[in-house]
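Spelled out, the chains give:
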2 protein chains.
Amino acid sequence: MLNLNYPFFAGLLLTLCAAATAAEKPQNFTRADLSAASTLRERALADTTAFALVESLTTEVGPRPAGSPGDKAAVAWALREMQRLGFANVRTLEAVVPHWERGEAEFQVLSPYPQAMPTLALGGSVGTGQSGIEGDGVMVKDLDALAALPPGAVKDKIVFFSNRMERTRDGAGYGKAVVVRASGATAAAALGATAIVIRSISTSDSRFPHTGALRYTNAAPRIPALAISNPDADALARQFESGQPVRLKLKSSSRDLPAMRSANVIGEIPGTDRADEIVILGAHLDSWDPGVGAIDDGAGVALMMGVAKLIRELDLKPRRTIRVVLFANEEFGTSGSQAYLAANEAEASHHVLGFEADFGAGPVWRLSSRVNPQQLPVVDQIFRALAPLKLQRGDNEARGGADLDGLGKLGMPILSPDLDGTNYFDVHHTANDTLAQVDPQALRQSLAAFATAVWLGAQYSGSWERVTTAKPPRR
Amino acid sequence: MLNLNYPFFAGLLLTLCAAATAAEKPQNFTRADLSAASTLRERALADTTAFALVESLTTEVGPRPAGSPGDKAAVAWALREMQRLGFANVRTLEAVVPHWERGEAEFQVLSPYPQAMPTLALGGSVGTGQSGIEGDGVMVKDLDALAALPPGAVKDKIVFFSNRMERTRDGAGYGKAVVVRASGATAAAALGATAIVIRSISTSDSRFPHTGALRYTNAAPRIPALAISNPDADALARQFESGQPVRLKLKSSSRDLPAMRSANVIGEIPGTDRADEIVILGAHLDSWDPGVGAIDDGAGVALMMGVAKLIRELDLKPRRTIRVVLFANEEFGTSGSQAYLAANEAEASHHVLGFEADFGAGPVWRLSSRVNPQQLPVVDQIFRALAPLKLQRGDNEARGGADLDGLGKLGMPILSPDLDGTNYFDVHHTANDTLAQVDPQALRQSLAAFATAVWLGAQYSGSWERVTTAKPPRR
């Protein structure tokens with residue numbers, strides 16, 4: 001019933017709220033809190049902490065895929081940096097992580113026009129054995145096109161998925177395209193294919209293949225799966241379009257090794273009168289291996305640590321506890337955030353508000369949320385505090401990132417300063433994910449947006465209510 | 001003496017020429033020639049031949065470094081395409097080319113912060129042997145900084161050259177920076193270094209190392225030489241700037257193999273009343289191996305072939321013979337153009353005008369020249385025929401490319417529709433040199449500029465005089 005009346009209530013509340021603002025009588029935040037928000041915002045715009053953190057993480061640790069030496073080094077780095085920044089209750093929370101080793105991969109067109117193309121194995125994919133796999137190629141656009149082929153069409157063949165993802169600001173193009181990476185191998189194997197090659201889930205015209213995790217199911221044998229860059233996928237498509245038979249060869253020495261122990265790294269700015277209510281700030285410490293994880297997710301790590309550092313330096317203490325959680329192993333199945341959820345099961349409802357930064361280095365262009373609809377006026381007030389950053393006002397369908405998915409499903413409200421993803425998929429999961437992709441100014445603007453919203457989220461005079469509507473599927 | 005009087009004569013001629021134009025009485029070109037130039041220019045702006053040729057060359061042949069199977073395939077491709085386009089006297093002219101094999105290369109920082117970085121061996125560099133080379137690193141900016149070190153400073157060490165090239169439209173930044181790639185290994189070896197690593201001669205922030213030829217001399221032992229990308233060079237510089245000792249390791253299986261036979265490929269549009277005068281259109285058929293040679297120099301090949309094809313399709317025949325020469329092995333010492341020069345020694349003076357396209361896929365932004373100063377008014381008239389393309393008027397110090405260097409030194413005039421090189425060094429000599437880097441519209445505009453200038457160069461009513469001033473050093 002409440003849902004049916006929502007537009008009426010929301011309209012009423014917005015009107016009341018606007019009136020309150022006009023009269024300069026904010027009801028949800030004290031003048032001191034709003035003033036502190038302004039200070040935070042302005043300080044953040046001049047603060048170099050976040051950039052320095054990404055620089056340090058990428059230079060001193062670099063690639064840090066789950067189970068690797070870099071993974072261990074990243075945990076040590078995060079502990080050291082959180083302590084240096086003066087966070088309280090700095091600690092680790094163990095997580096078991098898969099340990100997949102990339103090895104080397106090769107991809108060649110043997111005919112009609114012999115060419116080798118740079119390639120990356122998809123994360124979790126099986127190897128080909130020493131002699132590789134050779135076979136006739138079949139080009140299909142996507143899973144639907146594969147399913148529409150006549151029976152036997154890909155039996156003993158290598159399937160090339162040619163679909164190109166669409167560039168969008170909010171990442172919607174990724175959600176549509178990535179299903180081929182996740183499920184293409186099993187779908188093709190179920191029809192008898194021996195291997196797959198996908199056009200990278202990428203918006204770039206540069207010759208970087210993109211990796212990323214696949215998901216085998218028990219529905220079919222595990223077959224090797226590689227990705228090639230957009231320009232190579234174009235060139236391969238032209239070979240198919242020549243009308244001549246296309247013969248392919250691929251090799252990969254990828255393999256699974258025994259699972260390892262890694263850890264989430266946690267630090268806090270303790271709250272005061274509502275200290276048992278947690279505002280959680282999530283990002284992930286692991287990265288893919290070909291790059292150094294600057295935008296995925298060094299920037300997110302730096303933003304979350306930077307926010308807590310700025311708030312700590314304020315004279316005022318936050319009412320609620322601000323907890324930064326740098327999750328282990330987001331990329332390979334989110335076992336880090338699952339471990340967090342399991343360890344905090346009893347206190348899940350104490351997580352009253354969540355923020356996650358896992359979509360690059362900014363700028364922030366929009367404020368979205370997923371709050372109980374009755375509290376949208378609070379979000380509107382926070383939005384007004386962000387006015388100098390010139391954001392758009394998003395909807396209440398924020399999905400959050402992968403690591404807060406579990407808490408979100410349990411009803412935790414989410415505030416989402418949305419990072420601009422227009423160019424994110426040019427770089428993510430490639431060797432090109434380096435510090436050069438981080439624009440210091442965009443990062444500072446993002447820091448300002450997060451710091452302001454986190455602070456006000458921690459100071460809200462009411463109680464953040466649980467969200468009872470179904471959580472939209474995450475991208 | 002003539003040189004001393006040049007400003008006077010040039011001024012006088014410019015004045016006369018301007019007067020002639022004002023009176024619409026061009027003295028150097030017939031109305032029919034100028035009208036044909038307009039037709040050519042307009043047809044070129046709508047012509048897809050050049051793009052189709054780059055697409056075909058990169059798709060069907062791909063990488064074609066000297067001595068490789070791709071080199072041979074490129075010769076066959078060029079013969080086939082010249083015949084298909086209806087050129088006359090299509091033939092090959094043999095050239096001996098070096099055969100260097102890249103093998104595999106690895107580069108790692110061992111301490112203070114262990115990281116592997118993508119690398120490419122410099123062309124012609126020696127390998128390291130199976131166990132690689134490990135040593136302490138010394139960072140210097142450039143050759144001057146190396147020379148200024150105290151004695152013994154790089155003995156048994158690995159030298160890292162950190163200088164970054166400057167982005168310019170005309171490629172001037174390359175000339176300044178590339179000396180480290182050419183001579184760094186020998187300079188460091190002469191001081192006792194065991195290997196060098198250079199920051200790629202590149203303007204890009206993407207993580208592509210750039211290869212390119214080095215030149216060993218007998219002044220010092222041949223030591224391995226690798227290049228890393230700009231973002232990695234920045235990261236390595238930060239490791240040095242940490243103040244801690246930097247330990248490096250590199251491996252390369254590069255090696256020289258016996259020289260091979262390759263060929264220049266030649267085709268013509270025969271002249272009429274001045275058929276024994278040759279207007280030569282040069283580009284190079286070979287490419288570096290990591291990419292598919294779309295901008296270096298597939299685009300040049302396509303432009304030169306496209307120009308001849310457009311002129312052939314005109315009703316009017318050119319007065320002078322237009323000869324397209326696709327040179328073998330520009331990248332590895334220009335043995336193709338040297339073979340051409342040797343074979344044409346007796347007829348060198350018949351080469352009355354040269355054009356070369358070896359600087360990417362356009363657009364053309366300027367018309368430069370290297371003609372006898374008395375003939376600058378002819379260049380001015382050609383420039384006016386290019387007016388709709390909105391070019392700038394360059395100077396008379398055009399250097400031309402590497403393959404016409406020999407003929408230029410013998411006094412052959414050069415007309416240079418200058419290709420815009422602002423982004424050229426983002427891509428050249430990298431794996432990213434693919435068709436995606438070719439903008440079809442810029443290529444058509446370049447085709448229009450070249451076609452117009454070549455046509456008028458072939459129709460000029462006077463005689464192209466030899467250039468007696470010293471040729472400026474090429475970049």
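Now for a look at the structure at hand. All figures in this text were calculated on a predicted structure; none of them were measured in a lab.

Attention now moves to the overall build of chain A. Helix and strand counts for chain A stand at 14 helices and 16 strands. A compact globule built from 475 residues would reach a C-alpha radius of gyration of about 23 Å, and chain A, at 24 Å, matches this within 12%. Viewed in the frame of its principal axes, chain A has a C-alpha envelope of about 75 × 50 × 40 Å. Burial analysis of chain A (475 residues in total) assigns 60% to the buried set.

Counted under the stated rule, the structure contains 21 aromatic pairs over all chains. When the centroid spacing of 6.2 Å and the interplanar angle of 50° are considered together, the rings of Phe29(A) and Tyr460(A) count as tilted. Note that Phe29(A) is positioned in the loop between helix 1 (2–22) and helix 2 (31–45) and Tyr460(A) in the segment after helix 14 (440–459), a separation of 431 residues in sequence. Across this residue pair, the class does not change: Phe29(A) and Tyr460(A) are buried. Through a chain of ring-to-ring contacts, three or more aromatic side chains come together here, namely Tyr174(A), Phe359(A), Tyr424(A) and Phe425(A). In this structure, Arg393(B) packs its charged tip against the face of Phe383(B), placed 6.0 Å from the ring centre.

This part takes up the relation of the copies chain A and chain B. Least-squares fitting of chain A to chain B yields an RMSD of 0.0 Å, with the superposition described by an axial translation of 0.0 Å and a rotation of 180°. Expressed as an axis order, the relation between the two copies is that of a two-fold axis. Comparing interface residues between copies, 100% of those in chain A also sit at the interface in chain B, which points to an isologous, same-surface contact.

Turning to the pattern of salt bridges, a few remarks are in order. One pass over the full model with this rule turns up 52 salt bridges over all chains. A salt bridge links Lys155(B) to Asp156(B); the shortest N-O distance between them is 3.6 Å. Taking relative accessible area as the criterion, Lys155(B) reaches 48% and is therefore assigned partly exposed. One salt bridge in this structure joins Glu277(B) and Arg320(B), with 2.6 Å as the shortest N-O distance. A residue pair is termed long-range when its members are at least 10 positions apart, and Glu277(B) in strand 11 (residues 274–284) and Arg320(B) in strand 12 (residues 320–327) qualify at 43 residues. The exposure classification of Glu277(B) matches that of Arg320(B), with both residues buried. Beyond isolated ion pairs, a larger network of salt bridges with shared partners links Glu60(A), Arg80(A), Glu81(A) and Arg84(A).

Moving on: the side chain of Ser252(A). Residues and elements named next belong to chain A. Secondary-structure assignment places Ser252 in strand 9 (residues 247–252). In this structure the side chain of Ser252 is engaged in a polar contact, spanning 3.0 Å, whose partner is the side chain of Ser254. Excluding residues that lie within four positions of it along the chain, Ser252 makes contacts with Glu104, Ala105, Ala121, Val126, Gly127, Thr128, Gly129 and Leu226.

Let us now look at the packing of helix 2 of chain A against helix 14 of chain A. Residue and element names in this part refer to chain A. Relative orientation of the contacting elements helix 2 and helix 14 amounts to 160°, with a least axis distance of 8 Å. Judged by the angle between their axes, helix 2 and helix 14 are roughly antiparallel. Seen from above, helix 2 lies across helix 14 with right-handed handedness. Of helix 14, the residues touching helix 2 (which contributes Asp33, Leu34, Ala36, Ala37, Leu40, Arg41, Ala44 and Leu45) are Arg444, Gln445, Leu447, Ala448, Ala451, Thr452, Trp455, Leu456 and Gln459. Across the contact of helix 2 with helix 14, the residue classes break down as 11 nonpolar, three polar and three charged.

With that out of the way, let us pick up helix 8 (residues 230–241) of chain A. Residue and element names in this part refer to chain A. Between the first and last C-alpha of helix 8 there are 16 Å, a value that for 12 residues agrees with the 16 Å anticipated at 1.5 Å per step. Here helix 8 lies mainly inside the structure; 10 of its 12 residues are buried. Every buried residue belonging to helix 8 is among Asn230, Pro231, Asp232, Ala233, Ala235, Leu236, Ala237, Arg238, Gln239 and Phe240, and all of these are buried. Looking at the residues trailing helix 8, positive phi occurs at Gly243, about 85°.

Residues and elements named next belong to chain A. Geometrically, the link from Ser111 to Pro112 is a cis peptide bond, its omega value of 10° lying close to zero. Of note, Pro112 is situated in the loop between strand 2 (105–111) and strand 3 (115–117). The phi dihedral of His429 falls on the positive side, at around 70°, and the residue is not glycine. Secondary-structure assignment places His429 in the loop between helix 13 (424–427) and helix 14. Its relative accessible area of 5% is what places His429 among the buried residues.

Basis of the calculations
- Residues numbered from 1 in each chain as written.
- Chains lettered and ligands numbered in written order.
- Predicted model: local features only at pLDDT ≥ 70, side-chain atom pairs only at ≥ 80, totals over all residues.
- Heavy atoms only, no water.
- Helix = DSSP H or I, 4+ residues; strand = E, 2+ residues; numbered from the N terminus.
- Rg over C-alpha atoms; globule rule 2.2 N^0.38 Å.
- Buried < 20%, exposed > 50% of the residue type's maximum accessible area, 1.4 Å probe, protein only.
- Phe/Tyr/Trp six-rings, centres within 6.5 Å; stacked < 30°, edge-to-face > 60°.
- Lys NZ or Arg CZ within 6 Å of the ring centre and 35° of its normal.
- Least-squares fit on C-alpha atoms with pLDDT ≥ 70 in both.
- Contact = heavy atoms within 4.5 Å.
- Salt bridge = Lys/Arg side-chain N within 4 Å of Asp/Glu carboxyl O.
- Polar contact = N/O pair within 3.5 Å; in protein donor to acceptor, adjacent residues only side chain to side chain.
- Axes fitted to C-alpha atoms, helices over the stretch in contact; angles between N-to-C directions.
- Parallel < 35°, antiparallel > 145°, perpendicular 65-115°, else oblique.
- Left-handed = near helix turned anticlockwise from the far one by under 90°.
- Nonpolar A, V, L, I, M, F, W, Y, C, P; charged D, E, K, R; others polar.
- Expected span 1.5 Å × (residues − 1).

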